[in-house]
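In case you want the letters, here they are:
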Amino acid sequence: MNITLPDGSIKTFDQPNVTARDVAKSIGEGLAKAALGAKVDGQLYDLDRPITQDAKVAIVTKPRLDKEGKTKGEHNPDALYLLRHSCAHVMAEAIQRLWPEALLAYGPPLDNGFYYDITLEKPISTDDFANIEAEMKKIVEENRPFTRYELPTDQGLKRLIAEDNKYKIDNAQRAIAGGANTLSWYVTGPLPTSDIRHQTSDIPRWEDLCQGPHVPSTGEIAAFKVMSVASSHWHGDVESDRFQRVYGTAFFSQADLDAYLEQLEQARQRDHRVIGSRLGLFAIDEMVGQGLILWKPKGAIIRQELQNFITGHLKRQGYQQVFTPHIGKLDLFRTSGHFPYYRESQYPPLIDHDHLTTIAKEGCTCAELANRLDKGEVDGYLLKPMNCPFHIKVFDSEKRSYRDMPIRLAEFGTVYRWEQSGELNGMTRVRGFTQDDAHLFVTEDQLDAEVAGCLDLVKIVFKTLGMDDYRVRVGLRDPGSDKYVGEPAQWDKAEAACKRAAETLGVPFTAEPGEAAFYGPKIDFVVKDVIGRSWQLGTVQVDYQLPNRFDLSYVGQDNRPHRPVMIHRAPFGSMERFVGCLIEHFGGAFPLWLSPEQVRVLPISDKFLAYSNKVLDALKQAGLRAAADESNERVNAKIKNAQEEKIPYMLVVGGKDEAAGSVSVRCRTRGDLGALPLEVFVTKAVEEVSTQGRATVSV
């Protein structure tokens, strides 16, 4: 058997079956000791699961820890998947030790932990978490191996029916319907004999129907915590059986777990939904609809300042502004490929009332109507899920020459996606959002330079906002998937262009198969905020396919028609998501140029209201967003209120200030800065705004 390693070297084994452990040992004992599992032809495997044919194998190892006991560098998602999937089993076993009557349904790993759905008459509460964790600790200390075994589907299903767990039966039936030839179980504990199905033992042993994979043993789980409990329903159907969903998380060290819990606490304090409400930035109203954002005046200022900022750079780069409708005919989206292939993320089509009445009279069912819509037999309109088909038609609305290229069309275009209610999250996961969208129509020899220009724009955004910690992800097609449209040769050219562009950025990037859009590869920017969380913000996509689907052309130097290449780009992504992320990144304390209220004037008593108004007028005349607190509060209370409202600068004015024509400056972050002549403060504040810079006002 030939095993190809990540560096391209080949290990040959003279045996019919090989395991990842065998491969690791053949490389070195150190690797074998650190190994947790493997990627086998892209699929995650247990360390001891047989590899039955020639394959590409990459060993998944435990992370290295620094002196503080934290993982060095980025967490390996494959290693965490193995760990957390295994910890989900440990938690389920612990719950069944405490409550043997508990019936298990499903327990997958998540990006930030895991959960297990169970049915149990006794409600599990936070008071029970300590007992669950104590049992989990015992299981981990027992260091029992995770061992996989399989049964033919008929035998496995017969066994599950005898055990009378309808949820596991349903899981098995779904696996069989998906083409499974066997059903797999995982035993936590030693296997005393070769026939584990008929063996009893005093040694603790627990097993569960599961596809895997898992870490080698429970002892690999270094740190864990039961996080919360919620209700859920079988297959997400509220009319179906109700479960208790117990959430947990796990890490390879206690230091990693502690850091994560601290991050959660900081995230709770920075929650954009709480801060946004407290600062009056946005609202979500049930009567308007979930996932639809109402930008309040203060939030609208932030959004408008961001739009003004990016628009200035677009003008310098030669973009042209366009405006397009919020709906379009279904045929537009049929041609683009968005309908019906992305039906689950779209609002239902809008059909003319008279046409719909005629269809209803024909006795057409909903299923038949959907089928006729898919086939193009019924026309209608669609709330636009994308702006690109409209920009394509703008390009196609007149004859184009190579002398016109590149053509760069930009729009703050609002699009609509149907998100499940359980997935909505304030501003960061919504149903209607505005993209800072642009589409560039370029010749092939312009492609590299134009992609580089798009990437420069994203870098300008991040640098201005102080979001310097980011990585780049190049999303490529999965050759084994049929979701991608177009010729492989064109995909190769588009992917090569994205990789070349990513290499010029000077930051780490990964190439990830399966992450491309259906029409082309993309470059995503994954930004780490001030508390270490990652956000996908900003994207650039190279597209040979939509110009083909719409039969776009321009007249080349040879006076013949040529096909343009399209670039899709959105530095902010969506204004809603980007502002939601900024609220949390800054904790609501925006830099001066973005702050809805930049300066607040605080007269120490009513005697100085006239001078306070003079100061306020000077600030407003200079274009600063300012207000005065003329309440009867003491000045310390006024300062406290302004601090809580995240006002960057407070100007305290009293008798000495009036006599000297000065203001006593207080900064949100640096405290009391002393007195400055009013005109000096105004000049420095205006400079800070105009340069989108850090705080520059000083005495």
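First, a word on what this report is: a plain description of the structure on this page. It should be emphasised that the depicted structure is a prediction, and the values quoted were computed from it without experimental measurement.

Observations concerning unusual backbone geometry
Here is step 1: Put simply, Gly212 and Pro213 share a cis peptide bond, and its omega is 0 degrees.
Here is step 2: Looking at the secondary structure, you find Pro213 in the loop between strand S10 (206-209) and strand S11 (223-233).
Here is step 3: Cis peptide bonds are those with omega within 30 degrees of zero, and the linkage from Phe339 to Pro340 qualifies with 5 degrees.
Here is step 4: As for its position among the elements, Pro340 is in the loop between helix H10 (330-336) and helix H11 (353-361).
Here is step 5: Here the phi dihedral of Asp164 falls at roughly 65 degrees; this positive angle occurs in a residue that is not glycine.
Here is step 6: Despite not being glycine, Asn559 shows a phi value in the positive range, around 65 degrees.
Here is step 7: Mapped onto the elements of the fold, Asn559 is located in the loop between strand S24 (554-555) and strand S25 (561-562).
Here is step 8: According to the relative accessible area criterion, Asn559 is exposed, its value standing at 64%.

Structural notes on the sheet that holds S10
Here is step 1: As summarised here, the arrangement of the 3 strands in space is S8-S9-S10, forming an open sheet in which the pairing is antiparallel. Pairing within the sheet leaves two strands with one partner each, and these edge strands are strand S8 (146-152) and S10. Direction aside, neighbouring strands of the sheet carry axes that sit 25 degrees apart on average.
Here is step 2: Both strand S9 (residues 182-188) and S10 contribute to a ladder of 4 bridges, which runs antiparallel. Paired with Tyr186 across the strands is Asp208, a residue of S10.
Here is step 3: Sheet strands touched by helix H3 (residues 77-98): S8, S9 and S10. Its angle to S10, the strand with the most contacts, is close to 120 degrees.
Here is step 4: In this fold helix H6 (residues 166-177) packs onto S9 and S10, with an angle of close to 50 degrees to the strand it touches most, S10.

As for the nonpolar core
Here is step 1: Within the largest apolar cluster, 62 residues are counted, with the highest numbers of intra-cluster contacts made by Leu306, Phe462 and Phe578.
Here is step 2: Among the elements that take part in this core, helix H14 (residues 447-464) stands out by supplying 8 residues, more than any other.
Here is step 3: Discounting residues that sit within four places of it in the chain, Phe578 has contacts with Leu306, Val461, Phe462, Leu465, Met467, Leu537 and Phe572.
Here is step 4: One finds Val90, Ala94, Ile95 and Ile132 within the second-largest nonpolar core, a separate group that totals 36 residues.

Comments concerning a nonpolar patch on the surface
Here is step 1: On the surface, a cluster of nonpolar side chains totalling about 250 Å² of accessible area is made up of Ile327, Leu350 and Tyr381.
Here is step 2: Tracing the backbone through its elements, the reader meets Ile327 in strand S16 (residues 327-329).
Here is step 3: Judged by its relative accessible area of 34%, Ile327 falls in the partly exposed class.

Here's the deal with helix H7 (residues 254-269)
Here is step 1: Relative to the 22 Å expected for 16 residues at 1.5 Å per residue, H7 spans 23 Å between its end C-alpha atoms, a close match to the ideal helical length.
Here is step 2: Residues Ala255, Asp256, Leu257, Tyr260, Gln263 and Ala267 constitute the buried set of H7.
Here is step 3: If you follow the buried residues of H7, they end up packed against S11 and strand S12 (242-251).

Observations concerning the side chain of Glu411
Here is step 1: Summarising the element assignment, Glu411 is placed in strand S18 (residues 407-416).
Here is step 2: Taking the relative accessible area as the measure of exposure, Glu411 reaches 4% and is therefore buried.
Here is step 3: Of note is the side chain of Glu411, whose polar atom sits 2.8 Å from the backbone nitrogen of Thr324.
Here is step 4: Beyond its immediate chain neighbours, meaning those up to four positions away, Glu411 contacts Gln321, Val322, Phe323, Thr324, Lys384, Asn387, His391, Gln435, Asp436 and Asp437.

Details of the pairing of strand S26 (residues 565-570)
Here is step 1: Taking burial as the measure, the 6 residues of S26 include 6 buried ones, the bulk of the element.
Here is step 2: Alternating positions in S26 separate into two faces, Val565, Ile567 and Arg569 on one and Met566, His568 and Ala570 on the other, with burial throughout.
Here is step 3: The pairing of strand S19 (residues 432-442) with S26 spans 5 bridges and is classified as antiparallel. The residue bridging Ala438 from the neighbouring strand is Arg569, located in S26.
Here is step 4: Of the pairings in the sheet, the one linking strand S23 (residues 534-543) to S26 comprises 5 bridges and is antiparallel in character. Across the sheet, residue Val540 finds its bridge partner in S26, namely Arg569.

Some thoughts on the packing of aromatic side chains
Here is step 1: Summed over the entire model, instances satisfying the criterion amount to 19 aromatic pairs.
Here is step 2: The interplanar angle of 55 degrees and the centroid separation of 5.7 Å between the aromatic rings of Tyr470 and Phe525 together place this pair among those described as tilted. Here the residue Tyr470 occupies a position in strand S20 (residues 470-476), and Phe525 occupies one in strand S22 (residues 522-528), the gap between them amounting to 55 residues.
Here is step 3: Note on Tyr470: relative accessible area 15%, which makes it buried.
Here is step 4: Here Tyr484 and Trp491 contribute two aromatic rings whose centre-to-centre distance is 5.4 Å and whose plane-to-plane angle is 75 degrees, an arrangement assigned as edge-to-face. Taken as a pair, Tyr484 and Trp491 share a single burial class, namely buried.
Here is step 5: Connected via pairs of aromatic rings, a cluster forms that spans Tyr106, Tyr115 and Tyr247.
Here is step 6: Directly above the ring of Tyr115 sits Arg245, whose terminal nitrogen or CZ lies 3.9 Å from the centroid.

Conventions used here
Residues numbered from 1 in each chain as written. Predicted model: local features only at pLDDT ≥ 70, side-chain atom pairs only at ≥ 80, totals over all residues. Heavy atoms only, no water. Helix = DSSP H or I, 4+ residues; strand = E, 2+ residues; numbered from the N terminus. Buried < 20%, exposed > 50% of the residue type's maximum accessible area, 1.4 Å probe, protein only. Pairing = 2+ DSSP bridges. Axes fitted to C-alpha atoms, helices over the stretch in contact; angles between N-to-C directions. Contact = heavy atoms within 4.5 Å. Core = buried A, V, L, I, M, F, W, Y, C linked by side-chain atoms within 4.5 Å. Patch = residues over 30% accessible without salt bridge, like charges linked within 9 Å, V, L, I, M, F, W, Y side chains within 5 Å. Areas by Shrake-Rupley, 256 points an atom, 1.4 Å probe, with all protein chains shown as cover. Salt bridge = Lys/Arg side-chain N within 4 Å of Asp/Glu carboxyl O. Expected span 1.5 Å × (residues − 1). Polar contact = N/O pair within 3.5 Å; in protein donor to acceptor, adjacent residues only side chain to side chain. Phe/Tyr/Trp six-rings, centres within 6.5 Å; stacked < 30°, edge-to-face > 60°. Lys NZ or Arg CZ within 6 Å of the ring centre and 35° of its normal.

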